[in-house]
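Reading the structure
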Amino acid sequence: QAQLAESGGGLVQAGGSLILSCGPSGYIFGIRAMGWYRQAPGNQRELVASITSGGTTSYADSAKGRFTISSDSAKKTVYLQMNSLKPEDTGVYYCKFTNIGNDYWGQGTQVTVSS
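Residues numbered from 1 in each chain as written. Predicted model: local features only at pLDDT ≥ 70, side-chain atom pairs only at ≥ 80, totals over all residues. Heavy atoms only, no water.

Regarding the environment of aspartate 72
- Tracing the sequence through the fold places aspartate 72 in strand E7 (residues 67-72).
- Residues aspartate 72 and valine 12, 60 residues apart in the sequence, show an inter-C-alpha distance of 26 Å.
- Discounting chain neighbours no more than four positions away, the residues touching aspartate 72 are Thr77 and Tyr79.
- At 3.0 Å, the side chain of aspartate 72 forms a polar contact with the backbone nitrogen of alanine 74. (Helix = DSSP H or I, 4+ residues; strand = E, 2+ residues; numbered from the N terminus. Contact = heavy atoms within 4.5 Å. Polar contact = N/O pair within 3.5 Å; in protein donor to acceptor, adjacent residues only side chain to side chain.)

Now the structure itself:
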């Protein structure tokens, strides 16, 4: 079964930027949507941004105006450009691909924003 791998996390000061990327190690057919989720310590995993195969994007209120999700259909890769980062953006970021009947999750990448 295909697996997803995220990269691009790290430690950044408040106001800084990071770009996360996520792609599959194997073939995933019929991808309908890709998304980025965040899980902060003690909190549930929450949706940060998503993009459909048609290019429709959606953002959590906390991400609007600061984060941009994009995808490369040829590489089946999804990106999350994060600008003006805040300490409350800290958490483990997971990507998810959805096709008919299946969700595929990555292992997560840590993002830490220092004040």
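So, next bit.
Side note on the state of the cysteines
- The final tally for this structure, using the stated rule, is one disulfide.
- Each disulfide pairs two cysteine sulfurs, and for cysteine 22 the partner residue is cysteine 95, the sulfurs being separated by 1.9 Å. Across the S-S bond of cysteine 22 and cysteine 95 the torsion is about 50°, and the bridge reads as right-handed. Of the two residues, cysteine 22 sits in strand E3 (residues 18-24) while cysteine 95 sits in strand E9 (residues 91-99), which places them 73 residues apart along the sequence. (Disulfide = S-S within 2.5 Å.)

Some details on the pattern of salt bridges
- Overall, the coordinates contain five salt bridges when judged by the stated rule.
- Note that glutamate 46 is salt-bridged to arginine 38, the shortest N-O span being 3.0 Å.
- With a relative accessible area of 5%, arginine 38 lands in the buried category.
- The salt bridge partner of aspartate 89 is arginine 66, with a shortest N-O separation of 2.8 Å. With aspartate 89 in the loop between strand E8 (77-82) and E9 and arginine 66 in the loop between strand E6 (57-59) and E7, this residue pair connects regions lying 23 residues apart in the sequence. No difference in accessibility class separates aspartate 89 from arginine 66, as the two residues are buried. (Salt bridge = Lys/Arg side-chain N within 4 Å of Asp/Glu carboxyl O. Buried < 20%, exposed > 50% of the residue type's maximum accessible area, 1.4 Å probe, protein only.)

Description of the side chain of aspartate 89
- On the basis of relative accessible area, aspartate 89 is assigned to the buried category, the value being 1%.
- Within the structure, aspartate 89 has its side chain in polar contact with the side chain of arginine 66 (distance 2.8 Å).
- In this view, aspartate 89 contacts Arg38, Arg66, Phe67, Ser84, Val111 and Val113; residues no more than four positions away in its chain are not counted.

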